[in-house]
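Overview (structure and organization)
Below are the chains, spelled out letter by letter.
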Amino acid sequence: MKSPLPIHALVTGATGGIGRGICFALIEQARKDGTSLLISAAASQPGERLDRLVDELRAAGAMAYGVAGDISDPAQCAAMVAQAQAQGGDLTALVCNAGASGPGRLADLPVAQWDRTFNLNTRSAWLMAQTAREQLARTRGSITAVASMSGLTPQPGYGAYSAAKAALIMLCRQLAQEWAAEGIRVNTVCPGMIRTPLTEAVYQDETTLQQRQALVPLGRIGRAEDVGAAVAYLASAAASYVTGQNLVVDGGISDHMLTMIPGRPGKPPVMHAQIP
Ligand SMILES: NC(=O)c1ccc[n+]([C@@H]2O[C@H](COP(=O)([O-])OP(=O)(O)OC[C@H]3O[C@@H](n4cnc5c(N)ncnc54)[C@H](OP(=O)(O)O)[C@@H]3O)[C@@H](O)[C@H]2O)c1
């Protein structure tokens, strides 16, 4: 029997909460598929955090290397893709996970903050994809970007974040159409509320944690591995006929709004009414 092709995945934001979850989910997926796996784990800077992650990934059974660079800088995006290729050959999967949000009212948002939000969450994925395109065309590989439920539903008070993630989803749909002829698949994953170092401060407050859980039809806050499993699926051979799609990983919360309207029938027995 022909053995499955080796996977070489470049994961941005790998040292962050969801990035780690993605790396370990890729290892799990490769184990199930009987595929050899090399992870190029990307962080914004070299150093102990990245080295530690690489050691953990190796201990978990993957080949792994670190690459570092600022995804808001086009030259550094290109350098990371080139370094990953030099270390492990052509990429078969690019995972654009790095991103950031920050509060800010649109009424008086500084232009620099708008630009930074779009550069980190949207433009970076295009830049990484553009430099990885030739490699991915040779391997008939995939791109998966981590957007957000905020790209599907407005998040007032979060400046340009919703707009940037919405643009990321459309960017990936467009890339999927433009690059399908080269065999490159492009999809997005939209996490809901996920407990990671980015959001941990919010969940330290027990009341907020319970209030948030009560809003999720599946009854819990998401974990990095929930998002990781979705990304690993989209990057796997099992998704070889899936492109231009957005997989929402949110426990059902994005579709939950109409059940919150008082006086409507069919309201499930969750605790919204108990929330102070
Ligand atoms: N947590 C949630 O509830 C949630 C929900 C929806 C969507 N998301 C999305 O999921 C993705 C991961 O979020 P997370 O919760 O795992 O956050 P996180 O722990 O803060 O991780 C974000 C990662 O992005 C990297 N990054 C930020 N700026 C960068 C830059 N200029 N250059 C290179 N890398 C940079 C960081 O790398 P360094 O640590 O090396 O600086 C960090 O590892 C983001 O795109 C976020 O918008 C998260």
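Bear in mind that the values here come from a model prediction, so they are computed numbers and not experimental data.

**Some details on the overall build of the protein**
- A tally of helices and strands in the protein yields 8 helices and 7 strands.
- For a compact globule of 276 residues, the expected C-alpha radius of gyration is about 19 Å, and the protein comes in at 19 Å, within 12% of that figure.
- With the principal axes as the frame, the protein shows a C-alpha extent of 60 × 50 × 40 Å.
- Looking at the protein as a whole, 45% of its 276 residues are labelled buried.
- Look at the contacts in the protein between residues 6 or more apart in sequence, and 72% of them connect residues 24 or more apart.
- Carbon and sulfur atoms make up 56% of the accessible area of the protein, which totals about 13900 Å².
- Computed over 22 positive and 21 negative side-chain charges, the inter-centroid distance for the protein is 4 Å.

**Quick word on the layout of surface pockets**
- There is about 540 Å³ of room inside the second largest pocket.
- Together, 22 residues line the second largest pocket, and Ile 7, Arg 140, Ala 235, Ser 236 and Ala 237 are the ones closest to its centre.
- Those elements that provide at least two residues to the lining of the second largest pocket are helix H1 (17-33) and helix H8 (224-235).
- Tallying contributions element by element places H1 first for the lining of the second largest pocket, with 4 residues.
- Taken together, the residues of the lining of the second largest pocket break down into 10 nonpolar, 9 polar and 3 charged.

**Re the packing of H1 against helix H2 (residues 48-59)**
- Running from N to C, H1 and H2 point in directions that differ by 20°, and their axes come no closer than 10 Å. Of the possible angle classes, the one that applies to H1 and H2 is roughly parallel. The hand of the H1/H2 crossing is right-handed. Contacts between H1 and H2 involve Arg 20, Cys 23, Phe 24 and Ile 27 on the former and, on the latter, Leu 53, Glu 56 and Leu 57.
- Classifying every residue of the contact of H1 with H2 gives 5 nonpolar, no polar and 2 charged.

**Describing the UniProt feature "domain: Ketoreductase" (unreviewed entry) in the protein**
- The feature "domain: Ketoreductase" (unreviewed entry), as annotated in UniProt, sits at residues 7-187 in this numbering.
- Strand forms 17% of residues 7-187 and helix 51%; the C-alpha atoms that close the span are 17 Å apart.

**So, the packing of helix H4 (residues 111-139) against helix H5 (residues 161-179)**
- Two elements in contact, H4 and H5, have axes whose closest approach is 8 Å; the angle formed by their N-to-C orientations is 15°. By the criterion of interaxial angle, the relationship of H4 to H5 is roughly parallel. The handedness of the crossing between H4 and H5 comes out as right-handed. Facing Trp 114, Thr 117, Phe 118, Asn 121, Thr 122, Ala 125, Trp 126, Ala 129, Gln 130 and Arg 133 of H4, the residues of H5 in contact are Tyr 161, Ala 163, Ala 164, Lys 165, Ala 167, Leu 168, Leu 171, Leu 175 and Trp 179.
- For the contact of H4 with H5, the class distribution of residues is 13 nonpolar, 4 polar and 2 charged.

**Focus on the pattern of salt bridges**
- Tallied over the full model, the rule gives 8 salt bridges.
- A salt bridge links Glu 200 to Arg 195, with the shortest nitrogen-to-oxygen separation between them at 3.0 Å.
- For Arg 195, a relative accessible area of 36% gives the class partly exposed.

**Comments concerning unusual backbone geometry**
- The phi dihedral of Arg 140 is positive, around 50°, even though this residue is not glycine.
- Mapped onto the fold, Arg 140 is located in the loop between H4 and strand E5 (142-146).

**Notes on the nonpolar core**
- Formed by 32 residues in total, the largest nonpolar core has its most connected members in Val 11, Ile 22, Leu 26, Ile 39 and Leu 57.
- Those elements giving two or more residues to this core turn out to be strand E1 (7-11), H1, strand E2 (37-43), H2, strand E4 (93-96) and H8.
- If you tally residues by element for this core, the top one is H1, at 7 residues.
- Dropping the residues within four chain positions of it, Ile 22 is found in contact with Val 11, Val 95, Asn 97, Val 146, Gly 228 and Val 231.
- Listed in part, the 31 residues of the second largest apolar core include Leu 91, Ala 125, Ala 129 and Val 186.

Basis of the calculations
- Residues numbered from 1 in each chain as written.
- Predicted model: local features only at pLDDT ≥ 70, side-chain atom pairs only at ≥ 80, totals over all residues.
- Heavy atoms only, no water.
- Helix = DSSP H or I, 4+ residues; strand = E, 2+ residues; numbered from the N terminus.
- Rg over C-alpha atoms; globule rule 2.2 N^0.38 Å.
- Buried < 20%, exposed > 50% of the residue type's maximum accessible area, 1.4 Å probe, protein only.
- Contact = heavy atoms within 4.5 Å.
- Areas by Shrake-Rupley, 256 points an atom, 1.4 Å probe, with all protein chains shown as cover.
- Lys, Arg positive; Asp, Glu negative; His and termini not counted.
- Charge placed at Lys NZ, Arg CZ, Asp CG, Glu CD.
- 1 Å grid on protein atoms, 1.4 Å probe; cavity = no way out; pocket = protein on both sides within 12 Å on 5 of 7 lines; lining within 4 Å.
- Points joined across faces, edges and corners; volume = space filled by probe spheres on them.
- Nonpolar A, V, L, I, M, F, W, Y, C, P; charged D, E, K, R; others polar.
- Axes fitted to C-alpha atoms, helices over the stretch in contact; angles between N-to-C directions.
- Parallel < 35°, antiparallel > 145°, perpendicular 65-115°, else oblique.
- Left-handed = near helix turned anticlockwise from the far one by under 90°.
- UniProt positions renumbered as here; feature names shortened; annotations may be inferred.
- Salt bridge = Lys/Arg side-chain N within 4 Å of Asp/Glu carboxyl O.
- Core = buried A, V, L, I, M, F, W, Y, C linked by side-chain atoms within 4.5 Å.

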